[in-house]
Amino acid sequence: MQSKLPRVGTTIFTVMSRRAEELGAINLSQGFPDYDAPEDLRELLVAAVRGGHNQYPPMAGIAALREQLALDVARRYQRTVSPEAEVTIVPGATEAIFCAIHATVRPGDEVLVLDPCYDSYEPSIQLAGGRAVHVPLVPPRFAIDWQRVRDAVTPRTRLIITNTPHNPTGTIWSAADLHELEALVEATGIYVIADEVYEHLVYDGARHQSVLRSDALYQRSFAIFSFGKTYQVTGWKTGYCIAPPALSTEFRKVHQFVTFVAVAPIQHALAAFMQLRPEYSAGLPGLFQAKRDLLGTALRATSFRFEPAAGTFFQLLDYRAIADRPDTEFVDWLIREHGVAAIPISVFCDEAPDTRLIRLCFAKRDDTLQRAAARLARL
Ligand SMILES: Cc1ncc(COP(=O)(O)O)c(C=O)c1O
């Protein structure tokens, strides 16, 4: 059979996690914690299952969770959204991205993506018959060259996909970036998929620049979030999309034929947790900043060079002082010879950039980070 996605294989994240397990390596590759989710959240899931929440929930999500999210958005971004018309719960941000792309992109449309970027974007665009137009972020700090973005817009451009805080570079947007996006959307009328799954993970007192902060942007945007990242339950694969009513209507038309609903007891557990512990997310920057700093301090004794991540739970490391070989070869050597699994940056790019960078995930126990740093100090 002729593949519809000839360039797609098993993702590097799956490959590296599997190899880490086989080789007994310390796994700093895939973005998930190696410690458990909050105990009361786990108990709430058990209670939801025991309490009989085991049949199809409403297509757009249970009311209690959508109401909690509307409260959260009002509190943190000063935006009033209707839980009924503007909040949709889905099985993970990846599905939300897929649905938002399929709701907007027609065959022949172009979609701007900023490289490096999360690996689901391009295949989802291709399956919708669209074409990803790659605009590279500018190393070493991976800033957005907005002139280049503007130059990439054509009459066929339908959509731009943005991501802040950014995987894999750990950078975050400034208020000026948000204004640039606002101006672009106003000038061109294109839509935005704002991938904000790391919305809580911003450090050093910075503020997350959500599209939800801008009236003009919100009217053209699908803002996408992940409970997996926020509550450290990546395996629960539950996320949500916030979009104005007309966009949410189109989004739901796709969602109802992709999975129809998100898992019912998980929604009940999350709604109860958000109600019981509304302050939980406010503790996340402190928690992860401490992990970033622990890893950073330990890495000062190594030959890696780095700028501390401004957001996400990913740290980029420049290995130029250790080896001058492509990043895919370097991570292979690192896991085989030194027992640390990392992700090469080139897998997030259409064309391998002229950099020597790998990505480490620091959503790990402190002792895991210390053991990994001790191995990296031997290089
Ligand atoms: C930038 C980005 N977007 C989306 C996702 C997917 O989130 P989910 O697990 O909720 O599908 C991830 C997960 O790693 C991510 O890093």
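Our subject is the structure that appears above.
An account of the accompanying structure is given in this report. Every value quoted in this text rests on a predicted model; they were computed, and no experiment measured them.

Tallying secondary structure elements over the protein gives 15 helices and 12 strands in all. Against the compact-globule benchmark of 21 Å for 379 residues, the protein has a radius of gyration of 20 Å, which places it among compact chains. In terms of its C-alpha atoms, the protein occupies a principal-axis envelope of roughly 55 × 55 × 50 Å. The buried share of the protein, reckoned over its 379 residues, is 45%. Sequence separation of 24 or more characterises 73% of the internal contacts of the protein that already satisfy a separation of 6 or more.

By the secondary structure assignment, Asp204 is in the loop between β6 (191-195) and α9 (215-218). Given 11 C-beta atoms within a 10 Å radius, Asp204 is considered exposed. The spacing of Asp204 and Ala309 is 105 residues in sequence and 9.9 Å in space, taken between C-alpha atoms.

Within the largest apolar cluster, 108 residues are counted, with the highest numbers of intra-cluster contacts made by Ala100, Ile193, Phe222, Ala223, Ile224, Cys241 and Val340. Here the element with the most residues in this core is helix α5 (residues 93-104); it accounts for eight residues. Mapping this core onto the domain boundaries places at least three of its residues in each of domain 1 (12-37 + 282-376) and domain 2 (39-277). Those residues within four positions of Ala223 in sequence are excluded, and the remaining contacts are Ala194, Glu196, Ser210, Val211, Leu212, Cys241, Ile242 and Ala243.

We now examine the sheet that holds strand β12 (residues 357-361). Here we have three strands laid out as an open sheet, ordered β9-β12-β11, and antiparallel in their pairing. Taken across any chain shown, the strands that pair with only one partner, and hence form the sheet edges, are β9 (314-318) and β11 (343-344). Where β11 lies against β12, two bridges are found, and the strand directions are antiparallel. Pairing of Ile343 across the sheet is with Arg359, part of β12.

Let's shift gears to helix α1 (residues 12-23). For α1, spanning 12 residues, the distance from its first C-alpha to its last is 16 Å, which sits close to the expected 16 Å at 1.5 Å a residue. Among the residues trailing α1, Gly24 stands out with phi positive, at a value near 65°.

In the region of the ligand, 14 residues are neighbours, and Gly92, Ala93, Thr94, Asn167 and Ser226 sit closest. Each residue belonging to the shell around the ligand can be placed in one class, and the counts come to three nonpolar, nine polar and two charged.

For the rest of this paragraph, the subject is the sheet that holds strand β8 (residues 239-242). Note: strands within a sheet are paired through backbone hydrogen bonds, in either parallel or antiparallel orientation. In spatial order, the strands read β2-β8-β7-β6-β5-β3-β4; together these seven strands make up an open sheet with mixed pairing. Each of the sheet's edge strands pairs with one partner strand only, and the pair in question is β2 (87-90) and β4 (131-136). Strand-to-strand, the axes of this sheet are offset by a mean angle of 20°, without reference to chain direction. Relative to β4, strand β3 (residues 110-115) runs parallel, the two being bridged by six bridges.

What follows covers the packing of helix α13 (residues 284-299) against helix α15 (residues 366-376). It is the contact of α13 with α15, at a shortest axis distance of 9 Å, that shows an interaxial angle of 20°. In terms of axis orientation, α13 runs roughly parallel to α15. α13 and α15 meet at a crossing whose hand is right-handed. On the side of α13, the interface is formed by Lys291, Leu294, Leu295, Ala298 and Leu299, while α15 contributes Asp366, Leu369, Gln370, Ala373 and Leu376. Partitioning the contact of α13 with α15 into residue classes produces seven nonpolar, one polar and two charged.

Procedures and definitions
Residues numbered from 1 in each chain as written. Predicted model: local features only at pLDDT ≥ 70, side-chain atom pairs only at ≥ 80, totals over all residues. Helix = DSSP H or I, 4+ residues; strand = E, 2+ residues; numbered from the N terminus. Rg over C-alpha atoms; globule rule 2.2 N^0.38 Å. Buried ≥ 20, exposed ≤ 12 C-beta atoms within 10 Å, placed from the backbone. Contact = placed C-beta atoms within 7 Å. Core = buried A, V, L, I, M, F, W, Y, C linked by C-beta atoms within 7 Å. Domains from an automatic or database assignment. Pairing = 2+ DSSP bridges. Expected span 1.5 Å × (residues − 1). Near = placed C-beta within 6 Å. Nonpolar A, V, L, I, M, F, W, Y, C, P; charged D, E, K, R; others polar. Axes fitted to C-alpha atoms, helices over the stretch in contact; angles between N-to-C directions. Parallel < 35°, antiparallel > 145°, perpendicular 65-115°, else oblique. Left-handed = near helix turned anticlockwise from the far one by under 90°.

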